[in-house]
Amino acid sequence: MTSSATIPAAGTPAATPPQRNGKPRRSERARAEARLGWWLAGPAFVIMLAVTLYPILQALYDSLFRYRLTAPGDREMVWFGNYAVILGDSVFWSALLVTVVITVITVLIELVLGFALALVMHRALTQLRGLLRTAILVPYGIITVVSAFAWFYMFDITSGFVNSWFSWVPGIDADLNWFASQGTSLFVIIASEVWKTTPFISLLLLAGLAQVSGDLEEAAAVDGASWWQRLWRVVIPNMKAAIMVAVLFRALDAFRIFDNVFIMTNGANGTEVLSLLAYRTSIGRLEIGMGSAISVLLFLCVILICFIAIKLFKVDLSSARGGS
Amino acid sequence: MRRRRRLGLLAAVMALTIPLAACGSDSGPPVLTWFINPDDGGQADIAQMCTDEAAGAYTIQTSVLPRDAGGQREQLARRLAANDSSIDLMSLDPPFIPELAEPGFLAPVPDDVAQRVSENVVQGALDGASWQDTLVTVPFWANTQLLWYRKSVAEAAGLDMSQPVTWRQIMDAAESQGKLLGVQGAKAESLTVWINALVESAGGSIIANQAESADQVQLGLDSDAGRQAAEIIGEIGRGPLGGPGLPTANENASLTLFQGDQASFMVNWPFVWSAMNAAVEAGTLDASVVEDTGWAIYPGVNDGEESAPPYGGINIGIGAFSNHVDLAYQAAECIVTPQHQAFYFATNGNPPSNTTAFDDPEVQDAFPMADTIRQSLQQAAPRPQTPYYNEVSLGLQETWHPPASVTPETSPQAATDLITAVLRGDRLL
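Residues numbered from 1 in each chain as written. Chains lettered and ligands numbered in written order. Predicted model: local features only at pLDDT ≥ 70, side-chain atom pairs only at ≥ 80, totals over all residues. Heavy atoms only, no water.

K.L.:
Just checking my understanding: could you explain the overall build of chain A for this structure?
P.N.:
When helices and strands are tallied, chain A shows 15 helices and two strands. Here chain A holds 324 residues, and the buried ones make up 44% of them. Long-range pairs, those at least 24 residues apart, make up 68% of the contacts in chain A with a sequence separation of at least 6. For chain A, the accessible area works out to roughly 17,100 Å², and carbon and sulfur atoms hold 68% of it. (Helix = DSSP H or I, 4+ residues; strand = E, 2+ residues; numbered from the N terminus. Buried < 20%, exposed > 50% of the residue type's maximum accessible area, 1.4 Å probe, protein only. Contact = heavy atoms within 4.5 Å. Areas by Shrake-Rupley, 256 points an atom, 1.4 Å probe, with all protein chains shown as cover.)

K.L.:
Is there a simple way to think about empty space enclosed by the protein in this case?
P.N.:
Residues and elements named next belong to chain B. Summed over the entire model, instances satisfying the criterion amount to three cavities of 30 Å³ or more. Forming the boundary of the largest cavity are Ala69, Gln72, Arg73, Leu76, Ser91, Leu92, Asp93, Phe96 and Leu100. Split into classes, the residues belonging to the lining of the largest cavity amount to five nonpolar, two polar and two charged. As for the second largest cavity, its lining consists of Pro94, Pro95, Tyr311, Pro382, Arg383 and Gln385. (1 Å grid on protein atoms, 1.4 Å probe; cavity = no way out; pocket = protein on both sides within 12 Å on 5 of 7 lines; lining within 4 Å. Points joined across faces, edges and corners; volume = space filled by probe spheres on them. Nonpolar A, V, L, I, M, F, W, Y, C, P; charged D, E, K, R; others polar.)

K.L.:
When you look at the domain arrangement of chain B in this model, what are you seeing that I'm missing?
P.N.:
It is common to give the size of an interface as the accessible area that goes away when the parts come together. Residues and elements named next belong to chain B. You can read the domains of chain B as domain 1 (29-136 + 312-379) and domain 2 (144-310 + 384-424). Here the C-alpha centroids of domain 1 and domain 2 sit 27 Å apart. Together, the buried faces of domain 1 and domain 2 total about 2,000 Å²; carbon and sulfur atoms form 61% of this surface. Per-residue buried area on domain 1 facing domain 2 is highest for Met369, Ser376 and Gln379; these three make up 28% of the total on that side. Here domain 1 is connected to domain 2 by zero salt bridges. Residue composition of the side of domain 1 that touches domain 2, grouped by class: 11 nonpolar, eight polar and five charged. (Domains from an automatic or database assignment. Buried area = accessible area lost by both parts, 1.4 Å probe. Salt bridge = Lys/Arg side-chain N within 4 Å of Asp/Glu carboxyl O.)

K.L.:
Sorry, what's going on with the packing of helix H5 (residues 90-123) of chain A against helix H9 (residues 182-211) of chain A here?
P.N.:
The description of two helices packed together rests on the angle between their axes and the distance between the axes. All names here are of chain A. Put simply, H5 and H9 touch, their axes get as near as 5 Å, and they point 40° apart. Relative to H9, the element H5 lies oblique. The interaxial crossing formed by H5 with H9 has right-handed handedness. The residue inventory of the contact of H5 with H9, partitioned by class, reads 20 nonpolar, seven polar and two charged. (Axes fitted to C-alpha atoms, helices over the stretch in contact; angles between N-to-C directions. Parallel < 35°, antiparallel > 145°, perpendicular 65-115°, else oblique. Left-handed = near helix turned anticlockwise from the far one by under 90°.)

K.L.:
How should I be thinking about the packing of helix H6 (residues 126-141) of chain A against H9 of chain A in this particular structure?
P.N.:
Residues and elements named next belong to chain A. Across the interface, H6 lies against H9 with an axial gap of 6 Å and an inter-helix angle of 130°. With respect to H9, the element H6 is oriented oblique. With respect to the hand of their crossing, H6 and H9 are arranged in left-handed fashion. For the pair formed by H6 and H9, the contact residues are Arg133, Ile136, Leu137, Pro139 and Tyr140 on the first element and Trp195, Lys196, Thr197, Pro199, Phe200, Ser202, Leu203 and Leu206 on the second. Residue composition of the contact of H6 with H9, grouped by class: nine nonpolar, two polar and two charged.

K.L.:
For this particular structure, what's the right way to read the packing of aromatic side chains?
P.N.:
All names here are of chain A. Summed over all chains, the structure comprises 32 aromatic pairs over all chains. For the pair Trp228 and Trp232, a centre-to-centre distance of 5.7 Å together with 5° between the ring planes defines the contact as stacked. Linking Trp228 with Trp232, this pair stays in helix H11 (residues 227-238), spanning four residues, or about one helical turn. For the pair Trp228 and Trp232, a shared accessibility class is recorded, and that class is exposed. (Phe/Tyr/Trp six-rings, centres within 6.5 Å; stacked < 30°, edge-to-face > 60°.)

K.L.:
Hey, could you run me through the pattern of salt bridges in this one?
P.N.:
A side chain with one charge may pair with a side chain of the opposite charge, provided their charged atoms come close. Across all of its chains, the model carries 27 salt bridges over all chains by this definition. The partner of Glu287 of chain A in a salt bridge is Arg285 of chain A, with the nearest N and O atoms 3.9 Å apart. On the basis of relative accessibility, which here comes to 11%, the residue Glu287 of chain A falls in the buried class. Of the residues examined, Arg285 of chain A reaches a relative accessible area of 4% and is grouped as buried. Across the salt bridge formed by Arg424 of chain B and Asp426 of chain B, the nearest N and O atoms sit 3.3 Å from each other.

K.L.:
Is there a simple way to explain the sheet that holds strand S1 (residues 31-36) of chain B in this structure?
P.N.:
Strand pairs in the sheet, formed through backbone hydrogen bonds, run parallel or antiparallel to each other. Residues and elements named next belong to chain B. The mixed open sheet is built from five strands, whose spatial order is S2-S1-S3-S11-S6. Because the sheet does not close on itself, it has two edges, and the strands there are strand S2 (59-64) and strand S6 (138-144). The average angle at which neighbouring strand axes cross in this sheet is 20°, direction not considered. In this structure, S1 lies alongside S2, joined through six bridges in parallel fashion. Across the sheet, residue Ile36 finds its bridge partner in S2, namely Val64. Packed onto the sheet, helix H2 (residues 42-54) meets S1, S2, strand S3 (89-92) and S6 and runs at close to 165° relative to S2. (Pairing = 2+ DSSP bridges.)

K.L.:
I would appreciate a short explanation of unusual backbone geometry in the present structure.
P.N.:
Excluding glycine, residues mostly have negative phi values, and the peptide bonds linking residues are mostly trans. Of note, the bond from His401 of chain B into Pro402 of chain B is cis; its omega dihedral lies within 30 degrees of zero at -5°. Look at Asn269 of chain A: it is not a glycine, yet its phi comes out positive at around 55°. Tracing the chain through its elements places Asn269 of chain A in the loop between helix H13 (259-264) and helix H14 (274-284). Despite not being glycine, Leu286 of chain A has its phi angle at roughly 60°, a positive value. Tracing the backbone through its elements, the reader meets Leu286 of chain A in the loop between H14 and helix H15 (288-312). On the basis of relative accessible area, Leu286 of chain A is assigned to the buried category, the value being 0%.

K.L.:
Sorry if this is basic, but what is going on with the interface of chain A and chain B here?
P.N.:
If you look at the interface, chain A gives 34 residues, while chain B gives 34 residues. A combined buried area of about 3,000 Å² lies between chain A and chain B, and 59% of that area is made up of carbon and sulfur atoms. On the chain A side of the contact with chain B, Arg68, Thr70 and Arg285 of chain A bury the most area, a combined 19% of that side's loss. In this assembly, chain A and chain B are joined by three salt bridges. Among the salt bridges present, the one from Arg68 of chain A reaches Glu99 of chain B, with a minimum N-O distance of 2.9 Å. On the surface where chain A and chain B come into contact, there are 11 residue pairs in polar contact (both at pLDDT 80 or more). (Polar contact = N/O pair within 3.5 Å; in protein donor to acceptor, adjacent residues only side chain to side chain.)

Have a look at this one:
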């Protein structure tokens, strides 16, 4: 759907400037290089347009129709009628709210946890480092659907063990049905999301940590800065770009959450998220028009997040790997 | 110059990819593709038997669909909407048949075939295989829910299980013994099955007419029958009878509950019988549980009125875009012979739609409750028949879940309002 389109799309502007912004008079060699560049990048560029731009435009077009797959004869143009229905319906707004809540909470927890893990990986003894990184990365290597099932069965009232293991915690007993109310369902969904994707954020942060020059830290230590001061005043400001890229990537990812909710509650008890709503409308109900409109709105939300991150927080995507 | 080169590149990419979509192999008898729901291998066996019986007239090849009925419907509807000619035979879940029949995705059943495949078929299965009083699919196997009970609990509560019982009676009996009822309260298709059985048993119908277009669909929920159904579900949901697992209980969760200490009564499909026997064989279930298990016809709502048990199963649809419609109907007739239905019941546990198949000694041996199933199928009522079944079912689940929130005053009205608005395209689901 629109989801896979966003990340590559962010990369396209970077590919074009060398060609377009070139000076009017270029040497033969520069032109040959530009040509070679196009030959090398061209096929990938064409394929990307075919698999991202085309479906996006198709979805935009479809979203203007009232169109049900099993009633092809009744297809009619309603212009922005689908958008009016969606934006006027509480189902959409509650799905948006739940999505935002999940995104904000998971990204915050993951940022703190991921940073701690990155520090551990960064400082760990060299002999342990490889093993430690592998161990931390294991959850990220597990397929989301599989991890969602694992967490679901852990907490499920008939087959789960959480209720008996944690019965000493106030509020948890054998009769607690985690997936029967909004708060507890969201707790499990967020916990499994955090467990699964913290390694990703910690890897990005580790790359940022590695960029911070040891000289700076040493200089600060000589000046008498405590560990906390060095972290807060030296390390973090110097890796701000890496942190912002990590937050942006994870926020975009978390915003499109689908698997966990689909497996655990399928949207019951007020846990419906935007991707699930789009899926259920266009795939489940076969309402291509309405579903496309929801997908377009989801796409716009994702663009908005990118825009906020890049323009307001000045995230420089190219600096993540030590550009500036 | 550059543009032309880019266009050339695009053309080259397309030229490389398009032929991949086409494929062909021609020699020998025509191959019919039968899209089947996953089972224990019975449909593949029947396909092989019919291929052998056809003696070279055709070969049936099976292709497995997704596990859940919703996924099966999605895949078939998308393929049929694209005029897929590779679909010859389809195993269809009855509620979705009108949706595929209405736009002409199913090849019409020839009159002579319709007559032959309707002989001795239980009424519930005939209703489920039809749309607007015309047979549009070939009835294959038919499922129904029975009332399963612990003999010890019924006896202790003094309930006479030789006579049909009502929901009120089993609720009182379970409550008097401090036990739980096995019903399906999860926000899923099983909840719609339960609601429909209650409404139909009370003499009503969720949908009042078999309308073709979305804005003509009329709901019958806001009626005495709808309110009675809401009262039963709400009472089980709010009281101690459902247990804490009720809002997430599907058929498997109910079975797990029924195998435990708090079991009393359960409404469920006959698969539970094979499942419990298999569990005893595997050593995970005490044999005394199976010995203590009885079965009866689905509970009614009103005293002295026959219940309308849930109806499920699979019917065979023939794709309208198939290149071999005639052969596909021959194959379908072969698939649904009473012998094959009996074989399927005895080996896979899926009950026949043809009454004569129940007399097969193998069937009587594997399923001692076969006669109850046959009677239940005669009484069974299909779920709402409408091309918009999915919306109706999801709308019900949206407004009647969790069970504790269901009340006769609000729930039928809320479901009617939501489903009507969704069908008009004014609201989301």
